[in-house]
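Residue-level listing of the chains:
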Amino acid sequence: MPADLADVVAEVGREMEAHRGEGRVADYIPALARVDARRFGLAVVTCDGRTAEYGDAWVPFSIQSISKVFTLTLALKRQGEALWTRVGREPSGSRFNSIVQLEAERGVPRNPFINAGAIVVTDVVLDGRGFDAAVADIRDTLRELADAPNLDIDTEVARSEAATGFRNYALANFMRGFDNLKHPVEDVLQTYFNQCALRITCRQLARAGLFLAAEGLDPLSGRRVVSPEHARRINAIMMTCGHYDASGDFAFKVGLPGKSGVGGGILTIVPDQAAIAVWSPGLNDVGNSQVGTLALERLASRMRWSVF
Ligand code: DON
């Protein structure tokens, strides 16, 4: 008999109580450093409209790099396959903010989920408009997908990202030097910092990612978000590149497409079935949520959700 989702979510959640507070909270900006390390939230939304939640599933946290899934969605809609002339789709094997590969590869980042790649993707989202309009489009897309009209940007986080984002400035200027950024570095990065500063709950994030579990069609609203081909590609890149240089380990342990952020969130897709969002702010050495990864490993295993 298949495991009951609500039972498994409750069981995994209870098991995580003993792990609350593990890992190291990101401390490069004050607004992230002061988040309580003991937070833990888990939410699952299924393609047939069921939900299961545990713990802090309704507490907003900083979306950070998980936003890269949604900007990639917008960029693919705008530019289609031409996007792949400007950004690759190979795992980088490097840290998320590494600059070393960029010179050898002439300013074309390895994939859309390392910072350099996400900055190129954001440049595409900016095409034909100013950064205010691009930021509003990203926010409104999330509001609609998450069914959360009040979802918004944490302006303190956005300002702090800009004040400390020296590596991102280096990456962006370097790529502009290779003519792989079309808009002014400041506009691209202001958009990028704002997208990373969106605040979202597990429940909203799982809801927002559901279209990726259903071939690009939001199964609850009936709205087409992207083509089935693009949804498959986004999932493939989440599987191979969603956890930076620990992407192989995530595929090994969880066996599902996933994208992490330094706020401690992870969005995970179960093709044809569900979207999962987990949040626990303590990160492991690679910058992925430590307890969040453990929870996903147990949930995916007990639900037999691994794609392998
Ligand atoms: O670009 C940065 O440094 C952050 N705002 C986003 C980084 C992030 O979430 C990487 N994740 N694991």
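Reading the values: rules and limits
- Residues numbered from 1 in each chain as written.
- Predicted model: local features only at pLDDT ≥ 70, side-chain atom pairs only at ≥ 80, totals over all residues.
- Heavy atoms only, no water.
- Pairing = 2+ DSSP bridges.
- Helix = DSSP H or I, 4+ residues; strand = E, 2+ residues; numbered from the N terminus.
- Near = heavy atom within 4 Å.
- Polar contact = N/O pair within 3.5 Å; in protein donor to acceptor, adjacent residues only side chain to side chain.
- Areas by Shrake-Rupley, 256 points an atom, 1.4 Å probe, with all protein chains shown as cover.
- Nonpolar A, V, L, I, M, F, W, Y, C, P; charged D, E, K, R; others polar.
- Domains from an automatic or database assignment.
- Expected span 1.5 Å × (residues − 1).
- Buried < 20%, exposed > 50% of the residue type's maximum accessible area, 1.4 Å probe, protein only.
- Phe/Tyr/Trp six-rings, centres within 6.5 Å; stacked < 30°, edge-to-face > 60°.
- Buried area = accessible area lost by both parts, 1.4 Å probe.
- Salt bridge = Lys/Arg side-chain N within 4 Å of Asp/Glu carboxyl O.

1. Section: the sheet that holds strand β5 (residues 152–153)
Across the sheet, three strands lie side by side as β4-β6-β5; this open sheet has antiparallel pairing. Sheet topology places β4 (61–62) and β5 at the edges, where each strand pairs with a single neighbour. Where β5 and strand β6 (residues 198–200) come together, two bridges link them in antiparallel fashion. What sits directly across from Asp-152, in β6, is Arg-199.

2. Observations concerning the site of the ligand
Surveying the vicinity of the ligand reveals 13 residues, the closest of which are Gln-64, Ser-65, Glu-161, Tyr-192 and Val-262. In the environment of the ligand, an oxygen atom lies 2.6 Å from a nitrogen or oxygen atom belonging to the side chain of Tyr-192. The protein chains hide 95% of the 340 Å² of surface that the ligand would expose on its own. Of the residues in the shell around the ligand, the class split is six nonpolar, six polar and one charged. Per-domain counts for the shell around the ligand show at least three residues from each of domain 1 (5–58 + 199–221 + 238–303) and domain 2 (65–196).

3. Description of helix α11 (residues 228–241)
Between its first and last C-alpha, α11 extends 20 Å over 14 residues, near the 20 Å set by a 1.5 Å rise per residue. Among the residues making up α11, those that are buried are His-230, Ala-231, Ile-234, Asn-235, Ile-237, Met-238, Met-239 and Cys-241.

4. A word on the packing of aromatic side chains
Summed over all chains, the structure comprises five aromatic pairs. Plain terms: the ring middles of Phe-61 and Trp-279 are 5.1 Å apart, the flat faces sit at 10° to each other, and that makes the pair stacked. Placement of Phe-61 in strand β4 and of Trp-279 in strand β9 (residues 274–279) is noted, with a sequence separation of 218 residues between them. The class for Trp-279 is buried, based on a relative accessible area of 2%. Arranged with centres 5.5 Å apart and planes meeting at 80°, the rings of Phe-174 and Phe-178 form a pair that is edge-to-face. Of the residues examined, Phe-174 reaches a relative accessible area of 26% and is grouped as partly exposed. The class of Phe-178 is partly exposed, set by a relative accessible area of 26%. In this structure an aromatic cluster arises from ring pairing among Tyr-169, Tyr-192 and Phe-193.

5. Side note on the domain arrangement of the protein chain
Domain boundaries assigned for the protein chain yield domain 1 (5–58 + 199–221 + 238–303) and domain 2 (65–196). Placing a centre on the C-alpha atoms of domain 1 and another on those of domain 2 gives a separation of 22 Å. In total, domain 1 and domain 2 occlude about 2,400 Å² of area from one another, counting both sides; carbon and sulfur atoms represent 68% of this. Per-residue buried area on domain 1 facing domain 2 is highest for Arg-199, Cys-241 and Tyr-244; these three make up 24% of the total on that side. Between Arg-34 and Glu-156 there is a salt bridge; the shortest N-O distance is 2.6 Å. At the junction of domain 1 and domain 2, the tally comes to four residue pairs in polar contact (both at pLDDT 80 or more). Secondary-structure elements contributing two or more residues to the side of domain 1 that touches domain 2 are α2 (30–33), β6, α10 (202–209), α11, β7 (258–260) and β8 (265–270). Take the side of domain 1 that touches domain 2: its biggest share by element is five residues, from α10. When grouped by side-chain class, the residues that make up the side of domain 1 that touches domain 2 number 16 nonpolar, seven polar and six charged.

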